[in-house]
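This is what each chain is made of:
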Amino acid sequence: MSNNLLRESVITESLNTKQNKSVFSDIDMTHWKDYLGDIITDTLWLLGARDKSDTHSGDYHGNFVPQIAYQVITRYTKAGDIVLDLFSGMGTTLIECCHLGRNGIGVELNPDVVSASSKRVALSENPKNIKTCLINGDSASSEIKDVVFSKCREYGRDNVQHVILHPPYWDIIKFTDDERDLACSPTCEDFLEKFSRVAKNAYELLEKGRFLTLVIGDKYAKGELVPLSFECMNVCRNVGFKLKAINVKDIQGNEKGKGKQGNLWKYRALKQGFYVFKHEYIIIFRK
Ligand SMILES: C[S@@+](CC[C@H](N)C(=O)[O-])C[C@H]1O[C@@H](n2cnc3c(N)ncnc32)[C@H](O)[C@@H]1O
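Nothing here was measured: the structure is a model prediction, and the numbers come from that model.

(A) Structural context of the site of the ligand. In the vicinity of the ligand, 23 residues are found, and the nearest of them are Y60, M90, T92, E108 and H166. H166 places a polar side-chain atom, nitrogen or oxygen, 2.9 Å from a nitrogen atom of the ligand. Contacts to the ligand include D181, whose side-chain N or O atom sits 3.4 Å from a nitrogen atom. Considering the ligand on its own, with 610 Å² of exposed area, one finds that the protein chains cover 99% of that surface. Taken together, the residues of the shell around the ligand break down into ten nonpolar, nine polar and four charged.

Encoded structure:
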């Protein structure tokens, strides 16, 4: 038997005997190879075109592709678990919860976005008849924790089993005029202070041993790269999360990369010595 085959059979054997039931997902480890075509296990995420099935749409500026929620919900939760999204936006996470049979709680600051996304989530296919709710509130406030805890009890749980955080990338997109909006932060320090309050809430709301997903990108300001991703990653580590993965996701259909506008960005990049963003991060933590 070659070394590789031997190693593979040893791995398969130890999975079969000790770990064929995952404590945090419904992935059947006795058939782990069956999942490899669907579930990403590498750090480079080339997700391709946006999934526009069912009620998913790319019409909300700043929403993420549903494939991100699909990957982390499948990988890190079991049927009936609660997934919490503290920057719910147009409800991409909650729509995927409906598809995958996980209960979902979303928190969103903008009341208009809450009402638009509630309608969209209600129209989504929900074969397992799971419960979702959208809360209009500030995820950085201490009050939101009690509201989410009481929702968990309504769903028969003490806490949530996965958290997704997709905050504004500081001020690159304007969402509201509300000073509690992370995108309205006058300085990067202020943005990170608000984000650290959200991360603390996430830590307290999450069940021990479970995972948090942070989706974030960087920005340029005044001729300098502002590494928001790594700053927010460190905030999460400082509140107590263990870092599990830094995944790089390609940005598809970025207008900065297309046509005349794309050429203008390439020209500026060459002239000024920077690079045009074509990636963002999906950073995974465990409590
Ligand atoms: C990048 S978007 C999230 C998009 C979402 N992942 C989706 O797919 O639709 C960030 C969202 O956070 C909201 N937001 C900003 N500050 C907030 C806060 N303090 N509490 C709750 N939501 C906030 C914004 O209104 C915006 O909808």
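(B) Examining the sheet that holds strand β6 (residues 206–216) more closely. Within the open sheet, the eight strands sit side by side as β1-β9-β10-β6-β5-β2-β3-β4. Their pairing is mixed. Looking at which strands have only one partner, the edges of the open sheet turn out to be β1 (44–45) and β4 (132–136). Judged from the three bridges that link them, strand β2 (residues 82–85) and strand β5 (residues 160–165) form a sheet pairing that is parallel. By the bridge assignment, L84 is partnered in β5 with V163.

(C) Structural context of the pattern of salt bridges. Taken as a whole and judged by the stated rule, the model has twelve salt bridges. Of the charged contacts, one joins D177 and K174 as a salt bridge, the two residues approaching to 2.3 Å between their closest N and O atoms. Grouping residues by exposure puts D177 and K174 together as exposed. A salt bridge links K249 to E280; its shortest N-O distance comes to 3.0 Å. Of this pair, K249 sits in strand β9 (residues 242–250) while E280 sits in strand β10 (residues 279–286), and the two are 31 residues apart along the sequence. No difference in accessibility class separates K249 from E280, as the two residues are buried. Several salt bridges share partner residues, and in doing so they unite D81, R157 and R210 into one network.

Rules behind the numbers
Residues numbered from 1 in each chain as written. Predicted model: local features only at pLDDT ≥ 70, side-chain atom pairs only at ≥ 80, totals over all residues. Heavy atoms only, no water. Near = heavy atom within 4 Å. Polar contact = N/O pair within 3.5 Å; in protein donor to acceptor, adjacent residues only side chain to side chain. Areas by Shrake-Rupley, 256 points an atom, 1.4 Å probe, with all protein chains shown as cover. Nonpolar A, V, L, I, M, F, W, Y, C, P; charged D, E, K, R; others polar. Pairing = 2+ DSSP bridges. Helix = DSSP H or I, 4+ residues; strand = E, 2+ residues; numbered from the N terminus. Salt bridge = Lys/Arg side-chain N within 4 Å of Asp/Glu carboxyl O. Buried < 20%, exposed > 50% of the residue type's maximum accessible area, 1.4 Å probe, protein only.

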